[in-house]
Amino acid sequence: MTRIAYLGLGTMGLGMVKNLLAAGHHVTVWNRSEGPAKEAAGAGATVATTVASAVEGVEVVMYCFSDDTAIDAVVLSEGGLAFVVDPSSVVVDLSTISPEKSAAEREAFEARDVRFLDAPVFGSRGEAAAGGLWVVVGGDEATFEEVRNVLEPISETLHYMGSGGSGVRMKLVGNLVVASQLLALGEALTLAAKASLDLEKVLGVLKVTDFRSPIFDGVGPSVLADDYSPSFALKLMQKDGRLIQAFAADLGAPVPSVEAASRYVDAAMDAGWQENNASALIKAVAVEAKVSLAQ
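This text gives an overview of the structure that appears in the document. (Residues numbered from 1 in each chain as written. Predicted model: local features only at pLDDT ≥ 70, side-chain atom pairs only at ≥ 80, totals over all residues. Heavy atoms only, no water.)

**Concerning the overall build of the protein chain**
- Within the protein chain one finds 15 helices and nine strands.
- Taking 2.2 N^0.38 as the reference for a compact globule, 295 residues should give roughly 19 Å; the C-alpha atoms of the protein chain span a radius of gyration of 20 Å, in line with that estimate.
- Each principal axis of the C-alpha distribution contributes one length, and for the protein chain these read about 65 × 45 × 35 Å.
- Buried positions account for 51% of the 295 residues belonging to the protein chain.
- Considering only contacts in the protein chain between residues 6 or more positions apart, those separated by 24 or more positions represent 66%.
- Carbon and sulfur atoms form 54% of the exposed surface of the protein chain, whose accessible area is close to 13000 Å².
- Placing the 22 positive and 37 negative side-chain charges of the protein chain at their respective mean positions leaves the two points 5 Å apart. (Helix = DSSP H or I, 4+ residues; strand = E, 2+ residues; numbered from the N terminus. Rg over C-alpha atoms; globule rule 2.2 N^0.38 Å. Buried < 20%, exposed > 50% of the residue type's maximum accessible area, 1.4 Å probe, protein only. Contact = heavy atoms within 4.5 Å. Areas by Shrake-Rupley, 256 points an atom, 1.4 Å probe, with all protein chains shown as cover. Lys, Arg positive; Asp, Glu negative; His and termini not counted. Charge placed at Lys NZ, Arg CZ, Asp CG, Glu CD.)

Here it is, written out as structure tokens:
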């Protein structure tokens, strides 16, 4: 059993906490709103009222926040996690944030001799609840091996990517593929609709060909059902798209598919769909073509 503090119980956090508890770990949680903390308590977690009290006496601190701003508020602000965590703890950041912000975290923790891993996750609400996330990790490999036992209950696979920052960089590379595939599906369904093809049959072809994709299989039927219930909100995809473009620009790497996808994400945001699933960008493609994909 490992003593864990888990900070932030948003879309992903509550599912991770429940899986950590089910694996036999002792988990203390802290969250800015009361509701998710009560649910975590119902599953067996201890609830702390401050970050400092949450991390007292724990071996591992984990968190998954939505963006750089949240990291500033909870981790890097005066009196935040980076200043109150005990140096004996290992800190694991599961968030998707900018490489620059992750590096600032690492610097703040290492200044106090706190071991830190950047370990963002692929997957959304469903995978978090099922313990089926895919985790990409950057940092000291021995530290990664030390906390493997707390990463395994939340994950389907673990991938050690290399030195500090490697996990965050891999996450942005992977999210590029996600955005590109969502855009490709939107273009394909929209073109098929304009060509008067049966969209159910189109998905049947996409399901079996050598260019098939779990994203197509999962998102396609929901689009046809006009179901954009959020498992990963569109507003977060907009944030990720901007992170990818800034990251690529710094490296001089072209990312035309992300630039195109971001155009439709922005259009969907302008339409008021920010709380819809990220697949709402597909709806924006269809609107531009003046077709409906709902069956």
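So, next bit.
**So, the pattern of salt bridges**
- According to the stated counting rule, one finds twelve salt bridges in the structure shown.
- As a salt-bridge pair, Glu39 and Lys18 come within 2.8 Å of each other at their nearest N and O atoms. Taken together, the positions of Glu39 in helix α2 (residues 34–42) and Lys18 in helix α1 (residues 13–22) put the pair 21 residues apart, joining distant regions of the chain.
- Within this structure, Arg106, Glu110 and Asp118 form a network of salt bridges that share partners. (Salt bridge = Lys/Arg side-chain N within 4 Å of Asp/Glu carboxyl O.)

**Digging into the pairing of strand β8 (residues 133–138)**
- For β8, the buried fraction is high: five of the six residues fall into the buried class.
- As judged from the two bridges shared by strand β7 (residues 121–122) and β8, these two strands associate in the antiparallel manner. When the sheet's bridge partners are listed, Phe122 is paired in β8 with Trp134.
- For β8 and strand β9 (residues 155–162), the ladder comprises six bridges, and the chain directions are parallel. Of the residues in β9, the one forming a bridge with Leu133 is Ser155. (Pairing = 2+ DSSP bridges.)

**Notes on the packing of aromatic side chains**
- Under the criterion given, the structure shown has three aromatic pairs.
- Where Phe144 meets Tyr160, the ring centres are 5.6 Å apart and the plane angle is 20 degrees; that geometry is what we call stacked. With Phe144 in helix α8 (residues 141–146) and Tyr160 in strand β9, the pair connects residues that are 16 residues apart, well separated along the chain.
- What makes Phe144 buried here is its relative accessible area of 2%.
- Looking at Tyr160, the relative accessible area reads 28%, which means it is partly exposed.
- Positioned over the ring face of Trp273 is Lys283, at 4.2 Å from the centre of the ring. (Phe/Tyr/Trp six-rings, centres within 6.5 Å; stacked < 30°, edge-to-face > 60°. Lys NZ or Arg CZ within 6 Å of the ring centre and 35° of its normal.)

**Things to note about the side chain of Lys101**
- In this fold, Lys101 is placed in helix α6 (residues 99–110).
- Here Asp72 takes part through its side chain, which lies 2.8 Å from a polar atom of the side chain of Lys101. (Polar contact = N/O pair within 3.5 Å; in protein donor to acceptor, adjacent residues only side chain to side chain.)

**A word on the pairing of strand β6 (residues 115–118)**
- Looking at chain direction, strand β5 (residues 90–93) and β6 are connected through four bridges and run parallel. Pairing of Val91 across the sheet is with Phe116, part of β6.
- Each parallel crossover has a hand, and for β5 linked through α6 to β6 it is right-handed. (Right-handed = clockwise from strand over helix to strand, strands pointing away.)

**Quick look at helix α12 (residues 214–224)**
- Taken as a whole, α12 has its buried residues at Phe216, Val219, Gly220, Val223 and Leu224. When α12 is viewed along its axis, its buried side chains cluster within an angular range of 130 degrees and face the same direction.
- In this structure, the buried side of α12 is in contact with α10 (166–194), α11 (199–208) and α15 (280–289).
- The residue sitting at the N-terminus of α12 and contributing the capping side-chain oxygen is Ser213; that oxygen lies 3.0 Å from the backbone nitrogen of Ile215.
- Phi turns positive one or two residues past the end of α12, at Asp226, with a value near 55 degrees. (Arc of directions from axis to C-beta.)

**Observations regarding the environment of Leu172**
- Within the secondary structure, Leu172 sits in helix α10.
- On the basis of relative accessible area, Leu172 is assigned to the buried category, the value being 1%.
- When near neighbours in sequence (up to four residues on either side) are disregarded, Leu172 contacts Thr96, Pro99, Leu243, Ile244 and Phe247.

**Describing α11**
- Among all positions of α11, only Leu199, Val202, Leu203 and Leu206 are buried. Viewed along the axis of α11, the buried residues span an arc of 95 degrees, placing them on a single side of the element. Among the exposed residues of α11, those pointing more than 90 degrees away from its buried face are Lys201 and Val208.
- Buried-residue contacts for α11 involve α10 and α12.
- Its side-chain oxygen at 2.9 Å from the backbone nitrogen of Glu200, Asp198 defines the N-terminal cap of α11.

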